[in-house]
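Coordinate analysis (summary)
Listed below, chain by chain, are the residues.
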Amino acid sequence: MDQMHDDGFRIEPVATTADDVARRHDANRAAWNEGAIAYHAELDAAREFIAAGRSNLHPVERRNLERHGPLASWCRRAIHLQCAGGRDTLSLRNEGAHEVIGVDISDRMIDAARELSRLTGVDATWYCCDVLNTPGELDGSADLVYTGRGALCWIQDIAGWASVVARLLKPGGVVSVYDGHPIQWLLRDDTPTLEFGAGASYFSYAVSDKGWPEEYIGRIDGIDAGDESRKYERNWTVAEVVQALIDAGLCVEILGEHPEDFWDALPHLSPAERERIPNTFSVCARKPLR
Ligand SMILES: C[S@@+](CC[C@H](N)C(=O)[O-])C[C@H]1O[C@@H](n2cnc3c(N)ncnc32)[C@H](O)[C@@H]1O
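Anyway, here's the lowdown on the structure attached to this text. Predicted model only: the values in this text are computed from it and were never measured.

Helix and strand counts for the protein chain come out as nine helices and ten strands. Relative to the compact-globule value of 19 Å for 290 residues, the protein chain shows a C-alpha radius of gyration of 18 Å, a close match. Reported as C-alpha extents along the three principal axes, the dimensions of the protein chain are approximately 45 × 45 × 40 Å. Every one of the 290 residues in the protein chain was classed for burial, and the buried ones make up 55%. Sequence separation of at least 24 residues holds for 78% of the intrachain contacts in the protein chain that already meet a minimum separation of 6. With an accessible surface of roughly 12300 Å², the protein chain has 49% of that area assigned to carbon and sulfur atoms.

The next thing to look at is unusual backbone geometry. With a phi close to 50°, Ala84 is a non-glycine residue in the positive phi region. With respect to the helices and strands, Ala84 occurs in the loop between strand S2 (77-81) and helix H5 (87-95). Of note, Ser204 is a non-glycine position whose phi angle comes to about 45°, a positive value. When you line up the elements, Ser204 lands in the loop between strand S6 (169-180) and strand S7 (205-209).

A separate point is the pattern of salt bridges. Tallying each qualifying case throughout the model produces 16 salt bridges. The partner of Glu61 in a salt bridge is Arg149, and the shortest N-O contact between them spans 2.6 Å. Linking Glu61 in helix H3 (residues 59-66) with Arg149 in the loop between strand S5 (142-148) and helix H7 (158-168), this pair joins segments that are 88 residues apart in sequence. With a relative accessible area of 17%, Arg149 lands in the buried category. Residue Glu273 is joined to Arg276 by a salt bridge in which the shortest nitrogen-to-oxygen separation is 2.8 Å. For Glu273, a relative accessible area of 13% translates into the label buried. Note on Arg276: relative accessible area 60%, which makes it exposed. One network of salt bridges, with partners in common, ties together Glu61, Asp88 and Arg149.

Ordered by their spatial adjacency, three strands build an open sheet running S1-S7-S8, and the pairing between neighbours is antiparallel. Edge positions in the open sheet fall to strand S1 (10-12) and strand S8 (231-235), since each of these has one partner strand only. Averaged over all neighbouring strand pairs, the angle between strand axes comes to 30°, with direction disregarded. Across five bridges, S7 lies against S8 in antiparallel orientation. Bridged to Tyr205 within S8 is Asn235. The sheet contacts of helix H1 (residues 18-41) involve S1, S7 and S8, and relative to S8 the element is tilted by about 120°.

The rules we used
Residues numbered from 1 in each chain as written. Predicted model: local features only at pLDDT ≥ 70, side-chain atom pairs only at ≥ 80, totals over all residues. Heavy atoms only, no water. Helix = DSSP H or I, 4+ residues; strand = E, 2+ residues; numbered from the N terminus. Rg over C-alpha atoms; globule rule 2.2 N^0.38 Å. Buried < 20%, exposed > 50% of the residue type's maximum accessible area, 1.4 Å probe, protein only. Contact = heavy atoms within 4.5 Å. Areas by Shrake-Rupley, 256 points an atom, 1.4 Å probe, with all protein chains shown as cover. Salt bridge = Lys/Arg side-chain N within 4 Å of Asp/Glu carboxyl O. Pairing = 2+ DSSP bridges. Axes fitted to C-alpha atoms, helices over the stretch in contact; angles between N-to-C directions.

This is the structure in structure tokens:
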């Protein structure tokens with residue numbers, strides 16, 4: 001995916017050591033600090049949206065969460081992993097979560113999230129850290145761990161991620177993931193029909209590149225094309241994500257593959273072609289009471 005917007009695209013060996021993982025996450029922090037400019041630019045719109053009591057949750061996410069009842073009835077604390085500029089975190093508050101906490105590796109994203117809280121007066125607590133280093137003081141405290149919409153591909157260690165999710169949840173708490181389907185990674189993003197990208201693989205597939213798709217962040221003022229920080233992504237299969245949650249001790253309650261998308265990942269694909277594949281997947285899993 002995204003091969004076409006950048007000459008710096010590379011297929012990478014998968015990260016196998018803790019050092020590889022930390023190095024790639026650190027590189028991603030730098031890249032997201034650059035990308036955060038787009039989130040700062042949208043602060044006014046985000047302020048209006050949140051202050052009006054609206055929610056950015058995707059219908060698939062809302063459907064999954066409401067299977068557990070209205071958020072206000074069961075969610076005292078929601079922790080949003082990879083919260084970016086905080087719009088989705090504060091949406092969870094507008095949806096009924098009594099307290100929300102956002103975690104993100106990019107200090108510029110967390111700055112935007114703090115500013116959004118300040119501008120809207122909607123309370124939240126923000127932590128700037130790698131998801132894998134989410135502070136232990138939050139352990140066992142979340143009724144809901146919420147993540148997705150472009151999150152898991154940045155994590156180079158899915159077992160480590162799942163063990164953080166499990167330790168943050170209260171017994172009986174639920175994790176909700178809604179993210180891009182890994183099949184999208186196999187496909188070219190510049191063709192109207194479904195075509196495999198050169199060298200793409202469903203399994204053990206990691207890539208790096210520079211710059212951002214036009215449909216998302218686009219060019220960044222003050223940085224020439226090709227001078228952006230290199231960022232590293234990993235395509236986790238649906239089975240790898242689900243198995244990581246199971247191995248961390250959680251019980252899977254919802255698993256879905258969906259034609260809907262949350263952004264225009266394959267912008268040139270015709271609607272008829274788009275409907276032939278799952279564009280996203282979702283999983284909800286619960287921490288057992290004991
Ligand atoms: C596509 S955005 C999250 C999507 C979110 N739904 C939004 O508002 O757009 C990905 C976020 O993950 C964060 N991130 C990437 N790697 C991370 C890591 N290892 N730990 C914590 N946050 C990370 C980035 O800083 C970025 O804010």
